[in-house]
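For reference, the chains in residue letters:
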Amino acid sequence: HKHQTRHKVPLFMVIVFVMLRMICIEGNIASGKTTCLEYFSKTSNMEVLAEPVSKWRNVRGHNPLALMYQDPTRWGLTMQTYVQLTMMERHLSAKSKAGPVCMMERSIFSAKYIFVENLYKSGKMPEVDYVVLTEWFDWITTNLYMPISLIVYLQASPETCYERLKQRCREEEKVIPLDYLRSIHQLYEDWLINQSSFKLPAPVLVIPADEDLPAMLRRYEESRDRVLTSGN
Ligand code: DCP
């Protein structure tokens, strides 16, 4: 069994996934991921997996996103456990959608390496919560096969994101200070650009994302072929 992989995954699942390209759009809060996804869903023949944030704002009538912003120490684990579940579902649902190219917003990796990490590092998440989430994450990523072909990183300054955040006025996010966006930005830079924190699950394509909407749409147009073909 010298070719055995680290993943305990049946061979037929591997074969199904080899046919599929999964592209994850990454970036800070309000960096423009949704616009990017919309652009590609309209201009290319691809499956775009629906935005999970609506689930995080309403799970059977509860709003874990709002709770986490109100009291991160109490509710951070609740929100991030649910994010991890919805992300896992998303990665796995790709195979049944049968399209040759699939795009999703964020990934189970950024949920852990950016958001959980940020809660823990800023002292807002108790160590036991962090450890339990880590055990779940390690189990999921070892035992389930969730390959990514390419990470598209929308690289926007925290100041740009802060302006966009204020403009869109999502109720839950009114409490987010600029410093929070700065921490998220730094974690993203260390992961995807400096490559000094966590292992990359796929190659990274960087798209600068500080410009206004028409300019961004032009950039997506220019990067289209690379997005659709580069990576694994
Ligand atoms: N969030 C979180 N933990 C995660 C993922 C997201 O706390 N693991 C929060 C951050 C935002 C909200 O969920 O308050 C939605 O985040 P996204 O950045 O994924 O979605 P946006 O709508 O902000 O993306 P964009 O504006 O780039 O389209």
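Residues numbered from 1 in each chain as written. Predicted model: local features only at pLDDT ≥ 70, side-chain atom pairs only at ≥ 80, totals over all residues. Heavy atoms only, no water.

(A) Up close: the packing of aromatic side chains. Inspection of every chain in the model, using the stated rule, returns 12 aromatic pairs. Between the aromatic rings of Phe109 and Phe137, the centroid separation amounts to 6.0 Å while the plane-to-plane angle is 90°, which identifies the pairing as edge-to-face. Here Phe137 lies in helix 7 (residues 127–143) and Phe109 lies in helix 6 (residues 108–121), a separation of 28 residues in the sequence. Judged by relative accessible area, Phe109 falls into the buried class, the value being 11%. By relative accessible area, which is 4% here, Phe137 ends up buried. With 5.5 Å between their ring centres and 65° between their planes, Tyr113 and Phe137 make a pair best called edge-to-face. Residue Tyr113 is located in helix 6, and its partner Phe137 is located in helix 7; the two are separated by 24 residues in the primary sequence. You can call Tyr113 buried: its relative accessible area is 12%. Among the aromatic residues, those joined into a ring-pair cluster are Phe109, Tyr113, Phe137, Tyr153, Tyr188, Trp191 and Phe198. When the ring centre of Trp75 is taken as origin, the NZ or CZ atom of Arg74, which lies over that ring, is 3.8 Å away. (Phe/Tyr/Trp six-rings, centres within 6.5 Å; stacked < 30°, edge-to-face > 60°. Helix = DSSP H or I, 4+ residues; strand = E, 2+ residues; numbered from the N terminus. Buried < 20%, exposed > 50% of the residue type's maximum accessible area, 1.4 Å probe, protein only. Lys NZ or Arg CZ within 6 Å of the ring centre and 35° of its normal.)

(B) Representation of a nonpolar patch on the surface within the structure. A grouping of Val128, Val132 and Trp136 is seen on the molecular surface, where their side chains present a nonpolar patch of about 310 Å² in accessible area. Within the secondary structure layout, Val132 lies in helix 7. (Patch = residues over 30% accessible without salt bridge, like charges linked within 9 Å, V, L, I, M, F, W, Y side chains within 5 Å. Areas by Shrake-Rupley, 256 points an atom, 1.4 Å probe, with all protein chains shown as cover. Salt bridge = Lys/Arg side-chain N within 4 Å of Asp/Glu carboxyl O.)

(C) Focus on helix 8 (residues 158–168). Here helix 8 has its buried residues at Pro158, Thr160, Cys161 and Leu165. Down the axis, helix 8 shows its buried residues gathered within 155° of arc, on one side only. Where helix 8 ends, the next residue or the one after it, Cys169, has phi of about 55°, a positive value. (Arc of directions from axis to C-beta.)

(D) Structural detail: the environment of Asn232. On the secondary structure map, Asn232 appears in the segment after helix 10 (213–229). Given the relative accessible area of 61%, Asn232 is considered exposed. Sequence-distant contacts of Asn232, defined by excluding residues within four places in its chain, comprise Arg21, Ile148, Ser149, Ala202 and Pro203. (Contact = heavy atoms within 4.5 Å.)

(E) Here's a closer look at the site of the ligand. Near the ligand you find 22 residues, and of these Thr34, Tyr69, Arg106, Arg168 and Glu173 are the closest. One nitrogen or oxygen atom from the main chain of Ser31 is found 3.2 Å from an oxygen atom belonging to the ligand. Glu173 has a polar side-chain atom sitting 2.6 Å from an oxygen atom of the ligand. Here the ligand, which alone exposes 590 Å², has 97% of that area covered by the protein. (Near = heavy atom within 4 Å. Polar contact = N/O pair within 3.5 Å; in protein donor to acceptor, adjacent residues only side chain to side chain.)

(F) The arrangement of unusual backbone geometry in detail. With phi around 50°, Arg60 is a residue other than glycine that occupies positive phi space. Turning to its location among the elements, Arg60 is positioned in the loop between helix 3 (53–57) and helix 4 (64–70). Notably, Gln195 is not glycine yet its phi reads approximately 50°, a positive angle. Looking at the secondary structure, you find Gln195 in the loop between helix 9 (178–193) and strand 5 (204–208).

(G) A look at the pairing of strand 1 (residues 21–27). Among the 7 residues in strand 1, 7 count as buried, and that is most of the element. Across the two faces of strand 1 the burial is the same, with Arg21, Ile23, Ile25 and Gly27 and Met22, Cys24 and Glu26 all buried. With 5 bridges joining them, strand 1 and strand 3 (residues 101–105) adopt parallel strand pairing. Following the sheet pairing, Cys24 is matched in strand 3 by Met104. Judged from the 5 bridges that link them, strand 1 and strand 4 (residues 150–155) form a sheet pairing that is parallel. The residue of strand 4 that forms the bridge with Ile23 is Leu150. (Pairing = 2+ DSSP bridges.)

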